[in-house]
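Here are the chains, one letter per residue:
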Amino acid sequence: VVVVVVVVSGGSSSSSGVTKLNVAVVVGDRSVVNTGPLTSLQQDEQVRSWVNVVAVRNLKELRRHGSSIDVVVVPGGMAKKMYRDVFKGRSGALWIKQFIRNGGGFVGICAGAALASPR
């Protein structure tokens, strides 16, 4: 398991006074997206001590959680289906770009990185 730490401003304070990072992991319908990163984040006790993780299936859910999210993680998967079904085409890519412009963090893995690319 490879853990990548992304530091961004934001987060929410826990009862212990530690600021936790709010991370949304895009899982699609689980037949399109690799859910390994979500599972790793949810099962690692050390990670859970400083990260709140929410799984989102599509752009609508991502928008709903948007104001409370610090980082969006988009794992690899079937790029064309993710683009069409999960991100609803260009509107999803535009949402990601605006999220980053507003100070949000983004981690794209393989096909997830392609979704945020200029083309």
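Residues numbered from 1 in each chain as written. Predicted model: local features only at pLDDT ≥ 70, side-chain atom pairs only at ≥ 80, totals over all residues. Heavy atoms only, no water.

With that settled, consider the nonpolar core. Judged by nonpolar contacts, the single largest core of 16 residues is most densely connected at Val26, Leu62, Ile69, Val72, Val74, Phe87 and Trp95. Looking at this core, the elements that each hand over two or more residues are strand 2 (19-26), helix 3 (59-65), strand 4 (71-74), helix 4 (79-86), helix 5 (90-101) and helix 6 (111-115). Per-element accounting of this core gives the leading share, three residues, to helix 5. In terms of nonpolar packing, the next biggest core, distinct from the first, is built from eight residues, Val25, Val27, Val47 and Val71 among them. (Core = buried A, V, L, I, M, F, W, Y, C linked by side-chain atoms within 4.5 Å. Buried < 20%, exposed > 50% of the residue type's maximum accessible area, 1.4 Å probe, protein only. Helix = DSSP H or I, 4+ residues; strand = E, 2+ residues; numbered from the N terminus.)

To continue, consider the environment of Leu59. Tracing the sequence through the fold places Leu59 in helix 3. Leu59 gets classed as buried once you look at its relative accessible area, which sits at 3%. When the C-alpha atoms of Leu59 and Gly92 are compared, they prove to be 6.2 Å apart, with 33 residues separating the residues in sequence. Not counting residues up to four positions away in its chain, the partners in contact with Leu59 are Val86, Phe87, Lys88, Ser91, Gly92 and Trp95. (Contact = heavy atoms within 4.5 Å.)

Moving on to the pattern of salt bridges. Considering all chains together, one arrives at one salt bridge under this definition. When the shortest N-O distance is used, the salt bridge between Arg57 and Glu61 registers 2.7 Å. A residue is classified by how much of its surface remains accessible, and Glu61, at 10% relative accessible area, is buried. (Salt bridge = Lys/Arg side-chain N within 4 Å of Asp/Glu carboxyl O.)

Quick look at the packing of aromatic side chains now. Each aromatic ring pair is summarised here by two numbers: the centre-to-centre distance and the angle between the ring planes. In total, this model carries one aromatic pair according to the counting rule given. Both rings, one in Trp95 and one in Phe99, keep their centres 5.1 Å apart while their planes meet at 15°; by these two values the pair is stacked. Residue Trp95 and its partner Phe99 are both found in helix 5; the two are separated by four residues, about one turn of the helix. Per residue, the accessibility class of Trp95 equals that of Phe99, and both read buried. (Phe/Tyr/Trp six-rings, centres within 6.5 Å; stacked < 30°, edge-to-face > 60°.)

Predicted confidence across the chain gives a mean pLDDT of 74, with 71% of residues reaching 70 or more. Within the chain, the element-level pLDDT minimum falls on strand 1 (residues 12-13), averaging 51, and the maximum on strand 5 (residues 105-108), averaging 89. (pLDDT = per-residue confidence, 0-100.)

The end-to-end C-alpha distance of helix 5 is 17 Å, a good match for the 16 Å that twelve residues give at a rise of 1.5 Å each. Buried within helix 5 are the following residues: Gly92, Ala93, Trp95, Ile96 and Phe99. Along helix 5, the residues classed as buried sweep out an arc of 155° about the axis, all on the same side. Seen from the buried face of helix 5, the exposed residues on the opposite side, beyond 90 degrees, are Arg90 and Arg101. Check the buried side of helix 5 and you find it contacts helix 3, strand 4, strand 5 and helix 6. A positive backbone phi angle near 105° is found at Gly103, which sits one or two residues after helix 5. (Expected span 1.5 Å × (residues − 1). Arc of directions from axis to C-beta.)

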